[in-house]
Structure formats: C-alpha cells, structure tokens
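Architecture and fold: a report
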Amino acid sequence: MADDDDNTDKKVKIYQTTEKAVTYDIYPGETIESSEDFYDLLDLLNRARSWDHFRFHLNNFGGDLHATMQLIYALRETDANVTMIIEGHVYSAASILALCGNQVLQVNPQSVMMFHDYSTFEGGKGNEVARSSNSFQEFFEDFMVDTCYPFLTKGELKSILRGEDLNIHYKTRVDPLTTKKVIGIKERLEKLNHKRKSK
C-alpha cells in the first residue's frame, strides 16, 4: 500500500505516508458495495497504533448497510485517530459513516448529508419475511440512535424511521418542500464540539 501501483485495480484507495506515525488517506469511492472491498482497510484499522491516523475523504452515495456496519465496528475498535472529511455529498450509509470518526468532522461548505430509512429485498414464505422485517426494523432503530444521535435529534430520527428523507446542508435553511427549518451541518458540529469541551 506504499505506492500507487498497489491501488490500480482496487475500488477503495489507500495511500500511506510513513514518518514516526503512519497516516492513511482513504478514498472509499462513490458507493459502499461489499465488505470484500474493505478487507485491507479493516486489517489496517485492527492493527493500527494509537499514534497512527486515518483520514477518510468522503464523496459517496452510500450503499450496503451490512458492509457499513462492519466498517463502523472497526472504526470504533481501532486505537488510531480517525478523521472523517466530507468533501462532497454523502448519502445514506455514507452519512452514517461520516459520524463515526473519533476526531472533529471536517466538512466542505458545499456539502450535503442525506439520511433515510433502509431499503431491503427479501424472499421466502410470508410469515418468515414478516418476522425478518420486524426484527430488522427494531435493529435499525437502535442502530440509528447509536450512530446518529445527538447529531440528529430524536424527532428527526423518528421522521426518518417513518420513511421521510432528511437532507442537511452546511448552513441552516428552510426545507422548500416541508417549510421546516433544518439545522445545518456547521451548527450541529458546533453544538457537539461545545458539549465535548464542557465534559
């Protein structure tokens, strides 16, 4: 992973800078499709030291929730410093991923985050599908609270779980469709950072 040739055929790009500490710049691509795309990255996160640093450069439409969950677990367990940098628009699973660094989130002022309920395709007998759907719905509610609160309010989480999409721009604005005031990314981060400092 020390040179560009290693990244030629890989969807997830990893660039390494070696000094006393190691800095990894991660470019996850436009979508999150499979855990297999992240095996090298997961291994690096698991073996990283407390003085290493990962910088995720996000401009991503989201994708597979299960692959995202595995990556989030590795991010929470790593000893390294992890900075999420939103460089464009992040949607769906990528918005959740953006909230899982352990350093202050960095955001391009032109960015937008979008959160929504999950999508799924299931087959089988009707009663099995119903049980599976109800079970996963309970899991997803807990997952969203665990990863997105307090960046998202409890009211916003309830709206998302009812099926509404939530678009958050860098600055606070009024949603032209709902006429509701939507607090911007900048203001949300300022509140979160203030809470961290006051602890």
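Computed from a predicted structure; not experimentally measured. (Residues numbered from 1 in each chain as written. Predicted model: local features only at pLDDT ≥ 70, side-chain atom pairs only at ≥ 80, totals over all residues. Heavy atoms only, no water.)

Focus: the state of the cysteines
Here the structure, examined in full by the defined rule, presents zero disulfides. Distance from the sulfur of Cys100, which forms no disulfide, to the nearest cysteine sulfur (Cys148) is 7.4 Å. Judged by relative accessible area, which is 7%, Cys100 ranks as buried. The class of Cys148 is buried, set by a relative accessible area of 0%. (Disulfide = S-S within 2.5 Å. Buried < 20%, exposed > 50% of the residue type's maximum accessible area, 1.4 Å probe, protein only.)

What about the pairing of strand S6 (residues 112-115)?
Where burial is concerned, the two faces of S6 agree: the one with Val112 and Met114 and the one with Met113 and Phe115 are both buried. Sheet analysis places strand S4 (residues 81-91) next to S6, joined by three bridges and oriented parallel. By the bridge assignment, Tyr91 is partnered in S6 with Met114. Sheet analysis places S6 next to strand S7 (residues 166-169), joined by four bridges and oriented antiparallel. Bridge pairing links Val112 to His169 in S7. (Helix = DSSP H or I, 4+ residues; strand = E, 2+ residues; numbered from the N terminus. Pairing = 2+ DSSP bridges.)

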